Amino acid sequence: MKAIRMKRSKDMKDKEALSYLADLYRAHKLQLKTAEVLTFDLRGVIGAHQLIDKKQVAGKLILK
C-alpha cells in the first residue's frame, strides 16, 4: 500500500488531485455517502435529474 504523499491544496492539478484521492481510497480513508442507486435507463436518468433539481440530495447518485 502506497503512503499518502501530499496534502490537499487549491493549487493541485487534476492528475495530482486524482492521485491524492486514489491514495486516500487505497488507505480506506475516503468515505463516499450514497444517496440513492437508480437504474441505468431513461427512467433512472430522469429520476436522478429530478433529485438533483430538488437540491435535497445528500450523497452520490449512482446509475446502475
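Conventions used here
Residues numbered from 1 in each chain as written. Predicted model: local features only at pLDDT ≥ 70, side-chain atom pairs only at ≥ 80, totals over all residues. Heavy atoms only, no water. Salt bridge = Lys/Arg side-chain N within 4 Å of Asp/Glu carboxyl O. Helix = DSSP H or I, 4+ residues; strand = E, 2+ residues; numbered from the N terminus. Pairing = 2+ DSSP bridges. Right-handed = clockwise from strand over helix to strand, strands pointing away. Expected span 1.5 Å × (residues − 1). Buried < 20%, exposed > 50% of the residue type's maximum accessible area, 1.4 Å probe, protein only. Arc of directions from axis to C-beta. Contact = heavy atoms within 4.5 Å.

Caption draft 1: Looking closely at the pattern of salt bridges. One pass over the full model with this rule turns up one salt bridge. Taking the shortest distance from any N to any O, the salt bridge between Arg26 and Asp23 comes out at 2.7 Å. In this pair, Arg26 and Asp23 are both assigned in helix α1 (residues 14-26), three residues apart and thus about one turn of the helix distant.

Caption draft 2: Looking closely at the pairing of strand β2 (residues 60-63). Direction of pairing for strand β1 (residues 34-38) relative to β2: parallel, over a ladder of four bridges. What sits directly across from Glu36, in β2, is Leu61. Note on the crossover from β1 through helix α2 (residues 42-54) to β2: the handedness is right-handed.

Caption draft 3: Up close: α2. For α2, which comprises 13 residues, the first-to-last C-alpha distance of 19 Å matches the rise-based estimate of 18 Å (1.5 Å per residue) to within 8%. Listing the buried residues of α2 in full gives Gly44, Gly47, Ala48 and Leu51. All buried residues of α2 lie within an arc of 100 degrees about the axis, which places them on one face of the element. For α2, exposure combined with an orientation more than 90 degrees from the buried face picks out Leu42 and Asp53. On its buried face, α2 sits against β1 and β2. At the exit of α2 stands Lys55, carrying a positive phi of roughly 55 degrees.

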